[in-house]
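Observations on the three-dimensional arrangement
Here is how the chains run, residue by residue.
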Protein chains: 4
Amino acid sequence: MIAATPPMGWNSWDCYGAAVDEKTVRQNAGFMAKHLKPHGWEYVVVDIQWYQPTAKNHRYESFAALTMDAYGRLLPAENRFPSAAGGKGFRPLADYVHGLGLKFGIHIMRGLPRAAAHNRLPVLGTDVGCEQAANPHSICAWNPDMYGVRAGTPEGKAYYGSIFALYAAWGVDYVKVDDIAREYPHCMKELELISEACRACGREMVLSLSPGPAPLEYAEHLKQYGNLWRITDDFWDNWVLLKAMFERAAVWCVHAGPGHWPDADMLPLGAIRQCDSADNRTRFTKEEQITMMTLWCVMRSPLMMGGDLPKCDDFTMRLLTNDAALALLRESHCAHPLYTTDESAAWTALRKDGTGEYLALFNLSDEARTLTQSVAELECGPVRSVTELWTGERSKAVPDIRAAVPTHGARLYFLRT
Amino acid sequence: MIAATPPMGWNSWDCYGAAVDEKTVRQNAGFMAKHLKPHGWEYVVVDIQWYQPTAKNHRYESFAALTMDAYGRLLPAENRFPSAAGGKGFRPLADYVHGLGLKFGIHIMRGLPRAAAHNRLPVLGTDVGCEQAANPHSICAWNPDMYGVRAGTPEGKAYYGSIFALYAAWGVDYVKVDDIAREYPHCMKELELISEACRACGREMVLSLSPGPAPLEYAEHLKQYGNLWRITDDFWDNWVLLKAMFERAAVWCVHAGPGHWPDADMLPLGAIRQCDSADNRTRFTKEEQITMMTLWCVMRSPLMMGGDLPKCDDFTMRLLTNDAALALLRESHCAHPLYTTDESAAWTALRKDGTGEYLALFNLSDEARTLTQSVAELECGPVRSVTELWTGERSKAVPDIRAAVPTHGARLYFLRT
Amino acid sequence: MIAATPPMGWNSWDCYGAAVDEKTVRQNAGFMAKHLKPHGWEYVVVDIQWYQPTAKNHRYESFAALTMDAYGRLLPAENRFPSAAGGKGFRPLADYVHGLGLKFGIHIMRGLPRAAAHNRLPVLGTDVGCEQAANPHSICAWNPDMYGVRAGTPEGKAYYGSIFALYAAWGVDYVKVDDIAREYPHCMKELELISEACRACGREMVLSLSPGPAPLEYAEHLKQYGNLWRITDDFWDNWVLLKAMFERAAVWCVHAGPGHWPDADMLPLGAIRQCDSADNRTRFTKEEQITMMTLWCVMRSPLMMGGDLPKCDDFTMRLLTNDAALALLRESHCAHPLYTTDESAAWTALRKDGTGEYLALFNLSDEARTLTQSVAELECGPVRSVTELWTGERSKAVPDIRAAVPTHGARLYFLRT
Amino acid sequence: MIAATPPMGWNSWDCYGAAVDEKTVRQNAGFMAKHLKPHGWEYVVVDIQWYQPTAKNHRYESFAALTMDAYGRLLPAENRFPSAAGGKGFRPLADYVHGLGLKFGIHIMRGLPRAAAHNRLPVLGTDVGCEQAANPHSICAWNPDMYGVRAGTPEGKAYYGSIFALYAAWGVDYVKVDDIAREYPHCMKELELISEACRACGREMVLSLSPGPAPLEYAEHLKQYGNLWRITDDFWDNWVLLKAMFERAAVWCVHAGPGHWPDADMLPLGAIRQCDSADNRTRFTKEEQITMMTLWCVMRSPLMMGGDLPKCDDFTMRLLTNDAALALLRESHCAHPLYTTDESAAWTALRKDGTGEYLALFNLSDEARTLTQSVAELECGPVRSVTELWTGERSKAVPDIRAAVPTHGARLYFLRT
């Protein structure tokens, strides 16, 4: 099964925007293999506009000359990805990542390049042009590169087949499709086309859908055609966004399971915004970082580190390597909130092996608070011991779990039963 | 803890509407004590308009002369509840029910009688009249008897205190408050007043809130001030309503827990509509009845039987006495849907003692279907045996649970791990 | 034809609220007869709650004991209207007003008194009670006295027939019905019932509908069943409200005509709020008062003076007695805006006799402005002279009308052609 | 003043769609000069896609190769407009039309050609390319040719300046801008840019805005920046559309005046749809055609004949040459509805010279009706004679105008006073 548990990895967007390059990818992959792989991290994902030679930061340049082959399939810009020279595409970079024991992912936009349509490039393996496959009215609201593909046409199917064949040949393990998850219902058929092309391409690939928020009323369609989908718009290091995630997580949690994961977006930790500004450390406090990691782990969101890995500081590394917390992604299930108010929240999840229950307490208010949770309400039976997973502190069982939690902070407990 | 598990009982509405009388209540209580109490049923609830002398069926008569005391507190109509004569109220009937080892409940409307306000009856223990406590603009949309009470006034608090003092003196164990659960946000303060009066009255009472649908965005307020609340409008024996319950259950399930239960409404089984028509058996097919009982049990909805108990047929009795299915109310937790489509649905819940997982499969389509559920997706580890709880059929563990399910039918399994 | 031109008169609400009394009405009628009648003013209207003995200001008292006859028909409170003693109702006061050569009007609420329903008073001339005619769910949102009447029932028709018979017997010339004009569509049938009772009662009465805003999409229904209807919520001496009237007037102007007049509400001029506070002069600047009078005249709104007439100062009197301006109500037609922006507006109307065109220029901005209007755009042909009607200044014709207008002020011209 | 009265002319869309050619335009112009010019018709307008070499009917071809100059300015397709050869554009055709004593108009789409942006053609007179002037996210919903222009940029202003300079050089008198009138508010700034370029180009041109419905709340902006604007989506020969026009006309009528005219769209009369089908006569009944002409004349809509002029039959010619009816466009003002119901409507307008009033009666029901209009309600004073303008029948004045009107028919009267 693809994505039997939530994927863990690194994505280039938060730190390098549209300007990621090969050297950076290799450095992050190398760091991951050495320091994070033992803790479960495995995907290295090149985000948006790897085909745009002049991208410099998080912005998009209109009418840029995108690198593509004779069939309108985007290729890595060789000035940014030298190993792609000679038509080798991402194959050499994927080989390198695989050689480290890791997996390789790329980002794509829904659709085909506008220039491919206007220049009437042929669709590979057909006798029609990209102008036949393109829908001139299907336009991404925030990126100027592509036209949507006409779903339900043979040429549309052929185009998506042609790009996934290319990705399979490159050795891609993970595809993040953008401009699609919040575009329901008008993109449903195009999503089905993409998903079918992905599954038919001959190589197992995780299919990740962006941006959010995906609409809750299409949960079953998302579960059927994607492996993960964003439940929010782009997430950044801002407390308002983090606090808002609790409500989204509460309504999406029942839809998490093997092969289909609601995605709370990347972790803006450590060294982010490397391409934009000097002020490039996460603005989250340490307590907020613990809150984020606790929520993402207990809800079993995919974990995609957004900061530049080689620049991680010790605190960040401890968050990324806490095996007891990361274990929730693989060892827990049935996560759900006990309550969510403006001031605090609590979540619980069960250990799959029946040995106990996880409890997360969150202080969402702007002052320190003591949070209390009755064990009786958890309905898990007698508790033998209680361990806080970020500190490792272990204590005896008590009828109520009480924790003094700093503002915006969290505690994550395992209750052994 | 009040309502540590979902209440189970009988309610007079489905079979007797506004016209329930003492004889009927005693008969149902007697039947329950003898046949259902061993299976966990315990509440006997007198529904709406026990204070209206001329009620005859499910309809409301405008400007009827309601029975009340000198303080505007409604009393049982003595022609319908003879034991109430002499000012004894529901005390004799409650004593009878308690004598059977059961618990006694009543229905009330939010507010105070309009006539009490227009006649300026005094509020007990105060020097003001009911016209001071009443809000002349707060009007139930479907019943003409009451005005809402002005929340935040001493006289409003005094009025609600006076009626709960009366109910405590009668020995009431369960109060179903109507015209309140879907009236958010304008009734929030009045609900708080009612809830505080209930908790301060000196007797433990379950507080049940109607009608639905209660708004999901007020879930935490409902959990704080009520013990159960309706998640739908009145539920009757109609497949469209039953099918619609799956979506509501899916969004509410994370809010179920000790002391606070989303309520899918009464069970219109057996002999209902006794006061209205000759066609008074449930119109649900047997398969639909199994589907309803399965969903209510797996989601841990309160179970309130709506049919006249002494007239139960054998099939109904088997539904109401299947201990393995009813056990989910007390022994399971963490229920949630695996998926919900227009054609089928699946739910899972865990046994609290860690010995296994429950699985419910529903055929929501209009034809027979074979439904399949991969055990791997349940993430419960190896399964040792599988038992279908309505039939008792036991089978060996297999990687996929496959079931041929009739149209509108369900299967409820326990998977021992 | 009833209301062949827009009615002009005085209404007690702005100055006396719910507490108007006979002495005040007589004083205002006397003043009108002496000073305003020659300028076209003729209606004297007693506003809301003349049947409430304890009303003191603009507020409503819940559950007050309203004066009514044995048939649930409201009567003047005798402590406030002494001449009504002995069951004579408003007949003596109407006689007095008629004796002055004026016309007499009253305000009523849609519906029948709640107390009449709860006390089951009989409907005159029928064998049913008011509780049969009342709709217990039809409740005014802002006044606690009445229940709506069940439209489409014989008893509902009988009740409205009974009150209009009473008003005819009293000599009422004008009825302002409240809680109806913005209540479309649910009050349509009740409005038809009222209108039919009014037209069948044997006496000509103007039918005025409140409060606003009446919904534009029901314009034709309003024209068919009423003589005037409010196009705004209550209008007071506040620039924001006055400025907002321009947009409403613009969409309603095409619906003005003999027998049916969009109503911009009463004129809060001079001595208003006599019952509430010491600060009881209009807060409108003189320029704003001119703007209001200009708009009301050019759009041909009914003119109902709200201030206490005997306390009128000279400036107010000049506004109320400017025959050239008031003449627009009778002598102009085809009024419509030339433009309406956030900063200024212009309106035009034609003299019915074909001798010229009216032009109103409004400075809606917060600073003095020079406003210009091309005569060519008016399409009225050559202009021979131009007269400003508030000042009487006459000038020669020019291709452009240019006026220096103070902030919030207006100019009203007659262009003779 | 441009468009001092509503423009009258012919437009190629209804009969030739996107496939109009030079020969057709010359034939229609010739016919107009000979037969219609004496009745006030003067504009000859070439509608959409004169720059598309392969257009064949009313449909648009995606990614077609549009004819344009080196600066991204669209030019007539020479295969369809031979006189444009050699870079002469529409100058020869405009000269021909002018030679007939008529005026020449063209249609344009908001924006610049997508291909001009993707091919980075320079903007005339600047050192930037069309890709700088284009907004890649501003996309017409129904036509694939253009990108919107970035309002507020020097290059956007330069581009629009460059095309209006070209149109001035060609001798264009009328520009119909499409994809703009219903696109408020996001196209407001682009409309201002277009309007300013039009007024600055050195030649007087009528500016017509399409498609509708333009939003009423932007009426003043439309009046300021356009000369006419569509108040409906495309109008065709369908009774439902014609009937719906009455409500739109009713709310827009107050905004009609010299230089600014609400536009009810072209007249689908006679030989329409010549490019699409054999069934190419208007489907309107004769009565419906009279209704349409009556409404358009009384509301003073621009009149643009949609049918192929040389193929006009006698009935159509009589509609187009009835000077008494057409005179309303120039000789009436102050038009407005008296009423509009589902079954009938009446409109009135005044003769500018003060000699009388126009009255239009419409039977909107599906059966013959006798319609009556009281003259007193018109407030025009005594009437001396009454003439029906379509038939020329004259009658004496009476207090009520009564007319037996066929289903979907109309009568148009002049009442001399």
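Below is a short write-up of the structure. Model, not experiment: these values are computed from the prediction. (Residues numbered from 1 in each chain as written. Chains lettered and ligands numbered in written order. Predicted model: local features only at pLDDT ≥ 70, side-chain atom pairs only at ≥ 80, totals over all residues. Heavy atoms only, no water.)

Observations regarding the overall build of chain A
Here is the rule we go by: For helices the rule is a DSSP run of H or I covering at least 4 residues; for strands it is a run of E covering at least 2, with both sets numbered from the N terminus onward. Atoms counted for the radius of gyration: C-alpha only. Globule rule: 2.2 Å times residue count to the power 0.38. Throughout, a residue-residue contact means that at least one pair of heavy atoms, one from each residue, lies within 4.5 Å.
Looking only at helices and strands, chain A features 12 helices and 19 strands. Relative to its length of 417 residues, chain A is compact, with a C-alpha radius of gyration of 22 Å against a globular reference of 22 Å. Each of the three principal axes of chain A carries a C-alpha extent, and together these read 70 × 40 × 35 Å. Of the contacts made within chain A by residues no fewer than 6 positions apart, 72% connect residues no fewer than 24 positions apart.

Comments concerning the environment of lysine 103 of chain B
Mapped onto the fold, lysine 103 of chain B is located in strand 3 (residues 103–109). Between the C-alpha atom of lysine 103 of chain B and that of alanine 134 of chain B, which follows or precedes it by 31 residues, the distance is 31 Å.

So, the relation of the copies chain A and chain D
The following threshold applies: The fit set for superposing copies consists of C-alpha atoms from residues with pLDDT of at least 70 in both; the fit itself is least squares.
With an axial shift of 0.1 Å and an RMSD of 0.1 Å, the rotation relating chain A to chain D amounts to 179°. These values place the two chain copies in the arrangement generated by a two-fold rotation axis. Both copies present the same face, since 100% of the interface residues in chain A are matched by interface residues at the equivalent positions in chain D.

Thoughts on the interface of chain A and chain D
Stated precisely, the cut-off is as follows: Accessible-area loss on putting two parts together, using a 1.4 Å probe and summing over both, is the definition of buried area adopted here. Polar contact is defined as a pair of N or O atoms within 3.5 Å, subject to the rule that within protein one atom must be able to donate a hydrogen and the other to accept it, and that residues adjacent in sequence are counted only when both atoms are side-chain atoms.
Contacts between chain A and chain D engage 22 residues on the former and 22 residues on the latter. Summing both sides of the interface, chain A and chain D together bury roughly 1,500 Å²; the carbon and sulfur share of this comes to 60%. On the chain A side of the interface with chain D, the three residues burying the most area are Phe63, His118 and His137 of chain A, jointly 44% of the side's total. Counting across the interface, chain A meets chain D through 9 residue pairs in polar contact (both at pLDDT 80 or more).

Thoughts on the sheet that holds strand 6 (residues 146–149) of chain D
All names here are of chain D. Just so we agree on the cut-off: Whether two strands pair depends on DSSP finding at least two bridges between them.
Taken in spatial order, the 3 strands line up as 4-6-5 in an open sheet, and their pairing is antiparallel. Of all the strands in the sheet, the pair left with one neighbour each is strand 4 (112–113) and strand 5 (134–139). Judged from the 3 bridges that link them, strand 5 and strand 6 form a sheet pairing that is antiparallel. Counted as the bridge partner of asparagine 135 is glycine 148 from strand 6.

Focus: the packing of aromatic side chains
Basically, it comes down to this: Only the six-membered ring of Trp is used, alongside the rings of Phe and Tyr, when aromatic pairs are assigned; centres must lie within 6.5 Å, and planes under 30 degrees apart are stacked while those over 60 apart are edge-to-face, with the rest tilted. Summary of the burial criterion: residues with accessible area below 20% of their type's maximum are buried, those above 50% are exposed, and those between are partly exposed, where the area comes from a 1.4 Å probe applied to protein chains only. We call a charge positioned above a ring when the Lys NZ or Arg CZ atom is no farther than 6 Å from the ring centre and deviates by at most 35 degrees from the ring normal.
Going through the model one piece at a time under the given rule, you end up with 76 aromatic pairs over all chains. Aromatic pair tryptophan 13 of chain B and tyrosine 60 of chain B: ring centres 6.5 Å apart, planes at 20°, arrangement stacked. You can see tryptophan 13 of chain B sitting in helix 1 (residues 13–16) and its partner tyrosine 60 of chain B sitting in the loop between strand 2 (43–46) and helix 3 (91–99), a full 47 residues away along the chain. When the centroid spacing of 5.0 Å and the interplanar angle of 65° are considered together, the rings of tryptophan 50 of chain C and phenylalanine 90 of chain C count as edge-to-face. In this pair, tryptophan 50 of chain C is assigned in the loop between strand 2 (43–46) and helix 3 (91–99) and phenylalanine 90 of chain C in the loop between strand 2 and helix 3, connecting sequence segments 40 residues apart. You'll find tryptophan 50 of chain C and phenylalanine 90 of chain C in the same group, each marked buried. Three or more aromatic residues joined by ring pairs make a cluster, and in this case those are Trp50, Tyr51, Phe81, Phe90, Phe104, Phe164, Tyr167 and Trp170 of chain A. The residue whose ring lies beneath arginine 26 of chain A is tyrosine 96 of chain A, and the NZ or CZ to ring-centre distance is 4.6 Å.

Some words on the pairing of strand 8 (residues 206–209) of chain D
All names here are of chain D. Note the threshold: Classification remark: right-handed applies to a crossover when, strands pointing away from the viewer, the course from the first strand over the helix to the second runs clockwise.
Residues of strand 8 alternate between two faces, with Val206 and Ser208 on one and Leu207 and Leu209 on the opposite face, all of them buried. Pairing of strand 7 (residues 174–178) with strand 8, which is carried by 4 bridges, proceeds in the parallel orientation. Looking at the pairing, valine 177 lines up with leucine 209 of strand 8. Remark: the strand 7/helix 7 (residues 188–199)/strand 8 crossover connection has right-handed handedness. Running through helix 8 (residues 219–225), the crossover from strand 8 to the neighbouring parallel element strand 9 (residues 228–230) is right-handed.

Overview of the packing of helix 2 (residues 22–36) of chain C against helix 3 of chain C
Residues and elements named next belong to chain C. Where we set the bar: Angles here are taken between N-to-C directions and fall from 0 to 180 degrees, while the axes themselves are lines fitted to C-alpha atoms, restricted in helices to the stretch in contact. Put simply, angles under 35 degrees are roughly parallel, angles over 145 are roughly antiparallel, angles from 65 to 115 are roughly perpendicular, and the rest are oblique. In this scheme the crossing of two helices becomes right-handed for a clockwise turn of the near helix relative to the far one and left-handed for an anticlockwise turn of less than a right angle. Think of it as three bins: nonpolar holds Ala, Val, Leu, Ile, Met, Phe, Trp, Tyr, Cys and Pro, charged holds Asp, Glu, Lys and Arg, and polar takes everything else, Gly as well.
Two elements in contact, helix 2 and helix 3, have axes separated by 10 Å at closest approach and are oriented at 15°. Considered as vectors, helix 2 and helix 3 are oriented roughly parallel to each other. At the point where helix 2 passes helix 3, the crossing takes the right-handed sense. Within the contact between the two elements, helix 2 uses Glu22, Val25, Arg26, Ala29 and Gly30 and helix 3 uses Pro92, Leu93, Tyr96 and Val97. Split into classes, the residues belonging to the contact of helix 2 with helix 3 amount to 6 nonpolar, 1 polar and 2 charged.

Digging into the packing of helix 9 (residues 239–252) of chain D against helix 10 (residues 286–298) of chain D
How two helices sit against one another is set out by the angle between their axes and by the gap between those axes. Residues and elements named next belong to chain D. At a closest axis distance of 11 Å, the pairing of helix 9 and helix 10 adopts a crossing angle of 20°. By the criterion of interaxial angle, the relationship of helix 9 to helix 10 is roughly parallel. For the pair helix 9 and helix 10, the crossing hand works out as left-handed. Here Trp239, Leu242, Met245, Phe246 and Ala249 of helix 9 come into contact with helix 10, specifically with Glu288, Thr291, Met292, Leu295 and Trp296.

Thoughts on the interface of chain B and chain A
Worth spelling out the cut-off: Just to be clear on terms, a salt bridge is a Lys or Arg side-chain nitrogen sitting within 4 Å of an Asp or Glu carboxyl oxygen.
Listed as interface residues are 28 residues of chain B and, on the opposing side, 28 residues of chain A. For chain B, the biggest contributors to the area lost against chain A are Glu220, Val254 and Glu379 of chain B; these three give 30% of the whole. Along the contact surface separating chain B from chain A lie 4 salt bridges. At the junction of chain B with chain A, the criterion picks out 12 residue pairs in polar contact (both at pLDDT 80 or more). At the level of elements, helix 8 (219–225) and strand 12 (332–340) of chain B are the ones that each hand at least two residues to the side of chain B that touches chain A. Split by residue class, the side of chain B that touches chain A holds 15 nonpolar, 6 polar and 7 charged.

Here's the deal with helix 2 (residues 22–36) of chain D
The criterion, for reference: Expected helix span is taken as 1.5 Å per residue step, with the number of steps being one fewer than the number of residues.
In this model helix 2 of chain D runs 20 Å from its N-terminal to its C-terminal C-alpha over 15 residues, within 8% of the 21 Å that 1.5 Å per residue would give. Every buried residue of helix 2 of chain D is listed here: Glu22, Thr24, Val25, Asn28, Ala29, Phe31, Met32 and Leu36 of chain D.

Considering the pattern of salt bridges
All told, the structure shown has 96 salt bridges over all chains when counted by the stated rule. Here arginine 351 of chain B makes a salt bridge to aspartate 353 of chain B, at a shortest N to O gap of 3.1 Å. Assessed through its relative accessible area of 45%, aspartate 353 of chain B is described here as partly exposed. Its salt-bridge partner being arginine 203 of chain D, residue aspartate 173 of chain D comes within 2.5 Å of it at the nearest N-O pair.

A short note on the nonpolar core
Our working definition: By convention a nonpolar core is built from buried Ala, Val, Leu, Ile, Met, Phe, Trp, Tyr and Cys residues, the set being connected through side-chain atoms within 4.5 Å.
With 540 residues, the main nonpolar core has Phe164 of chain A, Phe164 of chain B, Phe164 of chain C together with Phe164 of chain D as its most contacted residues. Looking at which element gives the most residues to this core, the answer is helix 6 (residues 154–170) of chain A, with 9 residues. In this structure, phenylalanine 164 of chain D is in contact with Ile108, Val175, Ile194, Ala197, Cys198, Cys201, Met205 and Leu207 of chain D, ignoring residues within four places of it in sequence.

Observations regarding the environment of leucine 309 of chain D
Residue and element names in this part refer to chain D. Take leucine 309: it is sitting in the loop between strand 11 (303–305) and helix 11 (314–320). Residue leucine 309 is classed as buried on the basis of its relative accessible area, which comes to 0%. A sequence separation of 190 residues divides leucine 309 from asparagine 119, and the C-alpha atoms of the two residues are 40 Å apart. When near neighbours in sequence (up to four residues on either side) are disregarded, leucine 309 contacts Trp10, Asn28, Phe31, Met32 and Leu36.

A few points about the relation of the copies chain B and chain A
Overlaying chain B on chain A yields an RMSD of 0.0 Å, the required transformation being a rotation through 180° with an accompanying axial translation of 0.1 Å. A high fraction, 100%, of the interface residues of chain B reappear at the interface in chain A, so the copies pair face to face through one surface.

Here we look at unusual backbone geometry
Cis rather than trans, the peptide bond between serine 210 of chain B and proline 211 of chain B has omega equal to -20°. Looking at the element boundaries, proline 211 of chain B is found in the loop between strand 8 (206–209) and helix 8. Positive phi outside glycine occurs at aspartate 265 of chain A, with the angle close to 85°. Within the secondary structure, aspartate 265 of chain A is located in the loop between strand 10 (261–263) and helix 10 (286–298).

Topic: helix 6 (residues 154–170) of chain B
Every α-helix winds through 3.6 residues per turn, so residues three or four apart in the chain are directed the same way. Under the 1.5 Å per step criterion, the end-to-end length of helix 6 of chain B is 24 Å for 17 residues, consistent within 8% with the ideal 24 Å. Immediately downstream of helix 6 of chain B, the backbone of glycine 171 of chain B shows phi near 95°, a positive value.

Observations regarding the sheet that holds strand 4 (residues 112–113) of chain A
Residue and element names in this part refer to chain A. Read across the sheet, 3 strands follow the order 4-6-5 without closing on themselves; strand pairing throughout is antiparallel. Lying at the two open borders of the sheet, with one neighbouring strand each, are strand 4 and strand 5 (134–139). Here 2 bridges tie strand 4 to strand 6 (residues 146–149), and the two strands are oriented antiparallel to one another. In the sheet register, proline 113 faces strand 6, and the bridge partner there is methionine 146.

With respect to the state of the cysteines
The test is simple: To count as a disulfide, a pair of cysteine sulfur atoms needs to be within 2.5 Å.
If you walk through the whole model with that rule in mind, you get 0 disulfides over all chains. Cysteine 253 of chain A takes part in no disulfide bond, and the closest cysteine sulfur to it belongs to cysteine 253 of chain B, at a distance of 6.9 Å. Judged by its relative accessible area of 10%, cysteine 253 of chain A is buried. The structure places no disulfide on cysteine 275 of chain A, whose sulfur is separated from the nearest cysteine sulfur, that of cysteine 15 of chain A, by 7.9 Å.

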